[in-house]
Amino acid sequence: YASSELRANRNIVLAAVEKLGVALQHASKKLRADNEVVLVAARQDAHALEYASYELLTDRDFMLAAVQQNVGALGYASPELRADRDVVLTAVGRDGGLIQRASP
């Protein structure tokens, strides 16, 4: 178990999520809302977005960047963003099989 001080250390958390994206679950609340930290985690493993802040998952610019790095991120976008044409086209442009994760 990491201390709260380590969980809040941006450099340590960045190093951890670069190797194992889902390590984001152990990061402080503040770092789970940090754009760069969460993008690094999502690039390594889209499942890391399960631990990202709601604010990031509903942020269009953030989700566009996340989907560009890892198309699996589309599955963690808010329903509104899964219905967003640009977000969906970005994902489908990288992997056409992901159209099923978009909203109808």
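Remember, predicted model here, so these are calculated numbers, not experimental data.

A. Highlighting the overall build of the chain. The number of helices and strands found in the chain is seven helices and zero strands. Starting at the N terminus, the α and β elements of the chain follow one another as α-α-α-α-α-α-α. Across the 104 residues that make up the chain, the buried fraction comes to 42%. A sequence separation of at least 24 residues applies to 40% of the contacts in the chain between residues at least 6 apart. Total accessible area on the chain stands at roughly 6,000 Å², and carbon and sulfur atoms take up 50% of it.

B. Expanded view of the environment of His 26. Following the sequence through the fold, His 26 ends up in the loop between helix H2 (10-19) and helix H3 (35-44). For the pair His 26 and Leu 6, spaced 20 residues apart in sequence, the C-alpha separation works out to 9.5 Å.

C. How the structure looks around the nonpolar core. Val 17, Leu 24, Val 37, Val 38, Leu 49, Phe 62 and Met 63 are the most contacted members of the largest nonpolar core, which totals 29 residues. It is H3 that contributes the most residues to this core, six residues altogether. Once you skip the residues sitting within four places of it in the chain, Val 17 turns out to touch Ala 23, Leu 24, Val 37, Val 40, Ala 41 and Gln 44.

D. Representation of the environment of Gly 72. Position of Gly 72 among the secondary structure elements: in the loop between helix H5 (60-69) and helix H6 (79-82). According to the relative accessible area criterion, Gly 72 is buried, its value standing at 14%. Along the sequence, Gly 72 and Ala 42 sit 30 residues apart, while their C-alpha atoms lie 8.6 Å from each other.

E. Representation of the pattern of salt bridges. Taken as a whole, this structure holds four salt bridges when the rule is applied. With its nearest N and O atoms 3.0 Å apart, the salt bridge here joins Arg 10 to Asp 34. Highlighted residues: Arg 10 in helix H2 and Asp 34 in the loop between H2 and H3, separated in sequence by 24 residues. A relative accessible area of 31% places Arg 10 in the partly exposed class. Classification of Asp 34 as buried rests on a relative accessible area of 18%. Here Asp 84 makes a salt bridge to Arg 60, at a shortest N to O gap of 2.8 Å. Taken as a pair, Asp 84 in the loop between H6 and helix H7 (85-94) and Arg 60 in helix H5 lie far apart in primary sequence, 24 residues in all. Given a relative accessible area of 17%, Asp 84 falls into the buried group. A cluster of three or more residues bridged by salt bridges with shared partners is formed by Arg 10, Asp 34 and Glu 36.

Here is what the cut-offs are and how they apply
Residues numbered from 1 in each chain as written. Predicted model: local features only at pLDDT ≥ 70, side-chain atom pairs only at ≥ 80, totals over all residues. Heavy atoms only, no water. Helix = DSSP H or I, 4+ residues; strand = E, 2+ residues; numbered from the N terminus. Buried < 20%, exposed > 50% of the residue type's maximum accessible area, 1.4 Å probe, protein only. Contact = heavy atoms within 4.5 Å. Areas by Shrake-Rupley, 256 points an atom, 1.4 Å probe, with all protein chains shown as cover. Core = buried A, V, L, I, M, F, W, Y, C linked by side-chain atoms within 4.5 Å. Salt bridge = Lys/Arg side-chain N within 4 Å of Asp/Glu carboxyl O.

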